[in-house]
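The chain contents come next:
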Amino acid sequence: MAYQELVDEILKGVGGKENINGVTHCITRLRFDLKHEEQADTETLKKTKGIVTVVQSGGQYQVVIGNHVPEVYQEFVQHAGLAGNDAAPSGEKKGPLDAFIDVISSIFTPVLGLLAATGMIKGLNALFVSLGWIENTSGTYAILQAAGDCFFYFFPIFLGYTAAKKFGLKQFVGMAIGAALVYPALSGLTANAEPLYTLFAGTVFESPVYVTFLGIPVILMSYSSSVIPIVIATYFGAKLEKGITKIIPSIVRSFLVPFLTVLIMVPLTFIVIGPIATWIGNLLGAAVLAIYNFSPIIAGIAVGAVWQVLVMFGLHWGIIPIAINNIGVLGYDPVMVLGQATPFATAGAVLAVIIKSRNNSIRAIGIPAFISSLFGVSEPSLYGITLPRKKPFIATLISASIGGLIMGAMGTKSFIIGGMGIFSLPNYIDPTEGIGSGFYGYVLAITVAFVLSFILTITFLYDPQEDRQEATASDNEASPLIPSERAAKEITFSLPLTGIVLPLSAVEDQAFANGLLGKGLAVSPDEGLVRAPFDGVVETLFPTKHAIGLKSDDGVEVLIHIGMDTVNLDGRFFETKVKQGDQVKQGEVLLTFDKEEIEEAGYSLVTPIVVTNTSAYLDVIADDNRGAITIVK
């Protein structure tokens, strides 16, 4: 498991499996529903390598990991023996806002990746037509449109699954209700047909009736791409299923419970829930449009200014379903787009910090965060760079609000939920009219937001002296050296194994390769011998003997991880010569391993050696030519 040590720390930090009701993940963070948040060790988690920060908001305990959170999530639920976002009822009562955010994020988080992917295909299809590369009557267009529109058209089926998981309904029952809503034969009943009669004539709810169910009028709506009807239907379906389960004998429960649930819920949804939920969706879309039309410029300034704050606390989840509903009802969304200059404003501020800072550790964090922001994921930049320095964060808010102003003034709208960041451009192409002023408004807005944020940050909203002072302070705190040793500028030690020296990027495990656990080198050993690289103490010795943690007398903390996935050997072919807590001298044998047996068992012996307290120093220089690591204080 590539992230075993990280998931161990997370599980311990959140209070163990017994404190977890459920866990989901979004693009950058694990979202926990904890029974008792006060049992979580937030400060320790924030200091853990591989964790950007911890956010407590929206009734969720959010551990921000970064772009590789899906892999961490998979290993976490497997390691902890959890069922992912299958959440039991929380032990603590949530407020209305917290409960709403929890429900929305649990239902929509699992589908956002596919929604964005298929949306990108639709956006590219519209772009190809606008550029004249294909005709919208061609087979190429039709097939690409099917690939891009299939998910959104049948959205109720997918939401039926995720909502069922959240509310405790059998997932396939939720999917069956969603499938009934988009059943083609029902939607075709209104084509070229005369209504039997009209309900609520003369009101905003005027509805023709084409069919009845046992004499009860059925108001047929278009449920493709809809959001609200299936979520409400699934909620009541879960209540119904639980009630039926109590009265049906267990011997016939496996088929009678879903039989009765579907038999009751599908007609009930078509007769009552569907029409009411659709009217709610239409009213919500009209209300949002009315607010936007009152002053698109003011709306742009407001949404642009607060979007990053909403993301910080996970409250943007409350806007995502509104945007999806608007696209389903109106054909476009004019609101959520107003905050989409934020990642570019963040990227501009981070680039300025990278250029202006002389702190190598800041640059090491900033460069991948900058790239991530360009692709629409701003949390690594937010928590790693802008928010801790405050003024660059203010620069992003100002710049994003100006970007929102431009989009509001030029009528920018999103027609699909597609790619993010630089991949989002096709989202703003009108599928009927092609590239228009709204598209150009988006391009202008993100460009202005990026440039303005860069200028504000590099001129007077960032002082690199603060980072130099912080680096010096952390050095002094982290390294308990005697006065004569504090004057030293560098500490160099040789590697604990002999063999072919490799950069960390050559390691298969991405936690090591990406430097999440610290800077260092790797060795493909030519013998099964590990020696102490310096005088110090054995801080950690894993029971499986495949890894050992040392701390030098100078305070340098080093992890030696022998091979990849060798933890699965459970100590076979390893022999330790020391125990945890032992004082060791440079060159002393720490452990041995049978190189041939381990390789014959199918395991790689490429061994990462990393300085786990890298952040305590100005720099850690890994010299693979000399086979040495230098600590710069």
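Just so you know, these numbers come straight off a predicted model, no measurement behind them.

Some remarks on the domain arrangement of the chain
Part 1 of the reasoning: Domain assignment breaks the chain into domain 1 (1-78), domain 2 (99-136 + 294-465), domain 3 (151-274) and domain 4 (488-630).
Part 2 of the reasoning: Computed from C-alpha coordinates alone, the two centres of domain 3 and domain 4 are separated by 59 Å.

Here's the deal with the environment of A117
Part 1 of the reasoning: Within the secondary structure layout, A117 lies in helix α4 (residues 96-130).
Part 2 of the reasoning: The partly exposed category is assigned to A117, whose relative accessible area is 35%.
Part 3 of the reasoning: For the pair A117 and K46, spaced 71 residues apart in sequence, the C-alpha separation works out to 32 Å.

Remarks on the sheet that holds strand β16 (residues 574-576)
Part 1 of the reasoning: Taken in spatial order, the three strands of this open sheet run β12-β18-β16, and their pairing is antiparallel. Of all the strands in the sheet, the pair left with one neighbour each is β12 (529-531) and β16. Ignoring strand direction, the axes of neighbouring strands in this sheet form an average angle of 15°.

A word on a negative patch on the surface
Part 1 of the reasoning: Among the surface-exposed residues, D594, E596, E597 and E600 lie close enough to one another that they form a single negatively charged patch.
Part 2 of the reasoning: Here E597 is to be found in helix α21 (residues 595-600).
Part 3 of the reasoning: We classify E597 as partly exposed; its relative accessible area is 34%.

Remarks on the environment of E527
Part 1 of the reasoning: Inspection of the secondary structure assignment puts E527 in the loop between β11 (519-525) and β12.
Part 2 of the reasoning: When its relative accessible area of 36% is taken as the criterion, E527 is described as partly exposed.
Part 3 of the reasoning: A sequence separation of 67 residues divides E527 from D594, and the C-alpha atoms of the two residues are 8.4 Å apart.
Part 4 of the reasoning: The residues touching E527, leaving out its near neighbours within four places in the chain, are T498, F593 and K595.

Remarks on the UniProt feature "domain: PTS EIIA type-1" (unreviewed entry) in the chain
Part 1 of the reasoning: Here the UniProt feature "domain: PTS EIIA type-1" (unreviewed entry) sits at residues 509-613.
Part 2 of the reasoning: As a span, residues 509-613 carries 10% helix and 40% strand, and end to end its C-alpha atoms are 19 Å apart.

A short note on helix α1 (residues 4-13)
Part 1 of the reasoning: Taken together, the buried positions of α1 are L6, V7, I10, L11 and G13. Angularly, the buried residues of α1 cover 165° about the axis, an arc narrow enough to put them on a single face.
Part 2 of the reasoning: Looking at the buried residues of α1, the elements they touch are β1 (20-25), β2 (29-34), α2 (42-47) and α3 (69-80).
Part 3 of the reasoning: Within two residues after α1, G15 carries a phi angle of roughly 100°, on the positive side.

Reading the values: the criteria
- Residues numbered from 1 in each chain as written.
- Predicted model: local features only at pLDDT ≥ 70, side-chain atom pairs only at ≥ 80, totals over all residues.
- Heavy atoms only, no water.
- Domains from an automatic or database assignment.
- Helix = DSSP H or I, 4+ residues; strand = E, 2+ residues; numbered from the N terminus.
- Buried < 20%, exposed > 50% of the residue type's maximum accessible area, 1.4 Å probe, protein only.
- Pairing = 2+ DSSP bridges.
- Axes fitted to C-alpha atoms, helices over the stretch in contact; angles between N-to-C directions.
- Patch = residues over 30% accessible without salt bridge, like charges linked within 9 Å, V, L, I, M, F, W, Y side chains within 5 Å.
- Areas by Shrake-Rupley, 256 points an atom, 1.4 Å probe, with all protein chains shown as cover.
- Salt bridge = Lys/Arg side-chain N within 4 Å of Asp/Glu carboxyl O.
- Lys, Arg positive; Asp, Glu negative; His and termini not counted.
- Charge placed at Lys NZ, Arg CZ, Asp CG, Glu CD.
- Contact = heavy atoms within 4.5 Å.
- UniProt positions renumbered as here; feature names shortened; annotations may be inferred.
- Arc of directions from axis to C-beta.

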